[in-house]
Amino acid sequence: MNNQPSPTPRGLTRRHVWLPCALAAALVLLAGCGRHAPEADAATPVIALPVQAAAAVTAGRFPGEAHARYEMPLSFRVGGQLSARYVNPGDRVKQGQALAQLDPTDASNQLAAAKAALEAAQHRLLFATQQRDRDEAQSKQNLISQLQLEQTEDNYASALAARDQAQQQFQLAQNQSRYTTLVADHDGAITSRQADVGQVLAAGQEVFGFAWSGEREVYLDVPESRIDGVVTGQPATISLPALPGQVLSGHVREIAPAADPQSRTYLVKLTIDQPSSRLQLGMTADAVLQGTQPSKAAVSIPATALFHQGEHPAVWVVRPADSTLELRNVTVARYGERDVLVTDGLKPGERVLMQGVHTVSAGEKVAPIAPPHAEDAPQ
């Protein structure tokens, strides 16, 4: 017997014979793998970092101007011709003091007409009441028909409604007549005059500028590059060139939610804790905002980390036990240009998703990684 291997067919090499066999073996292996359960999904890589406690608010120095806590225009509640003006800018007035007067002729005529209409309605009601009483008594004795009694009661109800309507019209006319006199509703000072005697005014048209007595404030114009260093309640010291040697204490009461469209600055109002009697409206001031340390629970996160669950702000927190995501509501104390100050809901050291908050879901397993650039880290 010849034990020599059979020759390879002409035109085929050993490589051509090996390739189909290898392909068949690979298909068998793939088919065998398909019989096993699939492996668990890999964790999603996300940019997440531990949050840090908020840093102290930076102090700042800003020029300002003294104002009253309450400043408003004074105007008539009805229209008419201005017949008299009793005060001028700079005058101090008391509550209830008359400031200006409209021509009362029309209001007086309307009041007289309303009074006459009320008296007529009262007389008709009196007659209708007497007629009702008589018909009720006669109806009990069967001297009149039921239809006549019902007509009498209807006339009485109409007279009563007409009297009530006339009474309301009379009260309205009284108010209109009283509104022709502009009266100070608080102690204060006249800051400006916007109308002259003889001018015809519309209802609500400004006549005087008015500033209440009592609380005083200082208005600051803070540039947008420094508004992050100002928070409500921040203490301040205020000095005035017109009052050398006198330093007043105050605090931030209000921060404008948007910048002025022309100056691109934010209006900040400082309330003076103990106003000085020498402080006059319009005085220039120099205010120094002192640095404040946020509460221990306050943390700072990038604005990109904030998510909203309905109407409530929230963040994605990476659970340390299993690296899954948890959506947690937080309380935001201040919104900055790049960061957000959170006072409740987060603790320093907890790992928070910094970017891509709209591409993940609750319970998703993640693999936290640091941001590619240092400037992306939370400030």
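Since we're looking at a predicted model, the values are computed, not measured. (Residues numbered from 1 in each chain as written. Predicted model: local features only at pLDDT ≥ 70, side-chain atom pairs only at ≥ 80, totals over all residues. Heavy atoms only, no water.)

## Brief notes about the overall build of the chain
Reasoning step 1: A count of helices and strands for the chain gives 3 helices and 24 strands.
Reasoning step 2: Evaluated residue by residue, the chain yields a buried proportion of 33% over its 379 residues.
Reasoning step 3: Restricting the contact set of the chain to residue pairs at least 6 apart, pairs at least 24 apart contribute 72%.
Reasoning step 4: Taken as a whole, the chain presents about 23100 Å² of accessible surface, with 53% of it coming from carbon and sulfur. (Helix = DSSP H or I, 4+ residues; strand = E, 2+ residues; numbered from the N terminus. Buried < 20%, exposed > 50% of the residue type's maximum accessible area, 1.4 Å probe, protein only. Contact = heavy atoms within 4.5 Å. Areas by Shrake-Rupley, 256 points an atom, 1.4 Å probe, with all protein chains shown as cover.)

## Some words on the confidence of the model for the chain
Regions with low pLDDT carry predicted coordinates that are not meant to be interpreted in detail.
Reasoning step 1: Residue-level pLDDT values for the chain average 84, and 83% of them are 70 or greater.
Reasoning step 2: Scored below 50 in pLDDT, residues 1-39 shows 1 contact in the model against residues more than four places distant or in partner chains.
Reasoning step 3: Of the regions scoring below 50 in pLDDT, residues 374-379 engages in 12 contacts with residues more than four places distant in sequence or in other chains. (pLDDT = per-residue confidence, 0-100.)

## Some words on the sheet that holds strand β3 (residues 60-68)
Reasoning step 1: Strand order in the closed barrel formed by 6 strands is β3-β12-β15-β14-β13-β16, with antiparallel pairing between adjacent strands. When strand polarity is set aside, the average angle formed by the axes of neighbouring strands in this sheet is 40°. (Pairing = 2+ DSSP bridges. Axes fitted to C-alpha atoms, helices over the stretch in contact; angles between N-to-C directions.)

## Examining the pairing of strand β11 (residues 206-212)
Reasoning step 1: Across the 7 residues that make up β11, a large majority, 5, are buried.
Reasoning step 2: Sheet topology note: the strand β4 (residues 71-75)/β11 ladder contains 5 bridges and is antiparallel. Across the sheet, Ser 75 pairs through a bridge with Glu 206, a residue of β11.
Reasoning step 3: Pairing analysis gives 5 bridges linking strand β9 (residues 188-193) to β11, with the strands arranged antiparallel. Bridging from a neighbouring strand, Ala 189 pairs with Ala 211 of β11.

## Some details on unusual backbone geometry
Reasoning step 1: With phi around 60°, Asn 142 is a residue other than glycine that occupies positive phi space.
Reasoning step 2: Structurally, the position occupied by Asn 142 is in the loop between α2 (105-140) and α3 (146-178).
Reasoning step 3: Positive phi values are uncommon outside glycine, yet Arg 264 reaches one of about 55°.

## Quick word on the packing of aromatic side chains
Reasoning step 1: With the rule as written, the count across this model stands at 2 aromatic pairs.
Reasoning step 2: Seen in terms of ring centroids, Tyr 70 and Trp 212 are 4.8 Å apart; in terms of plane orientation they differ by 45°. Their pairing is tilted. Pair noted here: Tyr 70 is in the loop between β3 and β4 and Trp 212 is in strand β11, with a separation of 142 residues, a long-range link.
Reasoning step 3: The exposure class assigned to Tyr 70 is partly exposed, which follows from its relative accessible area of 36%.
Reasoning step 4: Here Phe 307 and Trp 316 contribute two aromatic rings whose centre-to-centre distance is 5.6 Å and whose plane-to-plane angle is 50°, an arrangement assigned as tilted. (Phe/Tyr/Trp six-rings, centres within 6.5 Å; stacked < 30°, edge-to-face > 60°.)

## Observations concerning the pairing of strand β15 (residues 265-272)
Reasoning step 1: Most of β15 sits out of view: 7 of its 8 residues are buried.
Reasoning step 2: Bridge count between strand β12 (residues 216-223) and β15: 7 bridges; the pairing is antiparallel. Bridge pairing links Leu 220 to Val 268 in β15.
Reasoning step 3: Alignment of strand β14 (residues 243-255) against β15, held across 5 bridges, turns out to be antiparallel. Residue pairing in the sheet places Val 252 in a bridge with Leu 270 of β15.

## Re the environment of Phe 127
Reasoning step 1: If you trace the backbone, Phe 127 turns up in helix α2.
Reasoning step 2: A C-alpha to C-alpha distance of 8.5 Å links Phe 127 and Tyr 156, two positions 29 residues apart in sequence.

## Things to note about the side chain of Asp 339
Reasoning step 1: Considering the arrangement of structural elements, one finds Asp 339 in strand β22 (residues 339-344).
Reasoning step 2: Judged by its relative accessible area of 15%, Asp 339 is buried.
Reasoning step 3: Polar contacts involving the side chain of Asp 339 include one to the side chain of Ser 300, which spans 3.2 Å.
Reasoning step 4: Not counting chain neighbours up to four residues away, the residues in contact with Asp 339 comprise Asp 228, Ser 300, Ile 301, Pro 302, Ala 303 and Arg 334. (Polar contact = N/O pair within 3.5 Å; in protein donor to acceptor, adjacent residues only side chain to side chain.)

## Things to note about the packing of α2 against α3
Reasoning step 1: The interhelical angle for the contact between α2 and α3, taken along N-to-C directions, is 160°, at an axis separation of 7 Å. When the interaxial angle is binned, α2 and α3 end up roughly antiparallel. Taken as a pair, α2 and α3 cross one another with a handedness that is left-handed.
Reasoning step 2: Of the residues belonging to the contact of α2 with α3, the class tally is 16 nonpolar, 14 polar and 7 charged. (Parallel < 35°, antiparallel > 145°, perpendicular 65-115°, else oblique. Left-handed = near helix turned anticlockwise from the far one by under 90°. Nonpolar A, V, L, I, M, F, W, Y, C, P; charged D, E, K, R; others polar.)

## So, α2
Reasoning step 1: Helix length check: α2, at 36 residues, gives a terminal C-alpha distance of 53 Å against a target of 52 Å (1.5 Å per residue), a fit within 8%.
Reasoning step 2: Listed as buried for α2 are Ala 107, Ala 114, Leu 118, Ala 121, Leu 125, Ala 128, Asp 135 and Ser 139.
Reasoning step 3: Those residues of α2 that are buried are in contact with α3.
Reasoning step 4: Asn 142 lies just past α2 and shows a positive phi near 60°. (Expected span 1.5 Å × (residues − 1).)

## A few points about α3
Reasoning step 1: If you check α3, its first and last C-alpha atoms are 48 Å apart, about what 33 residues at 1.5 Å a residue would give, namely 48 Å.
Reasoning step 2: Structurally, α3 contributes buried residues whose contacts are with α2.

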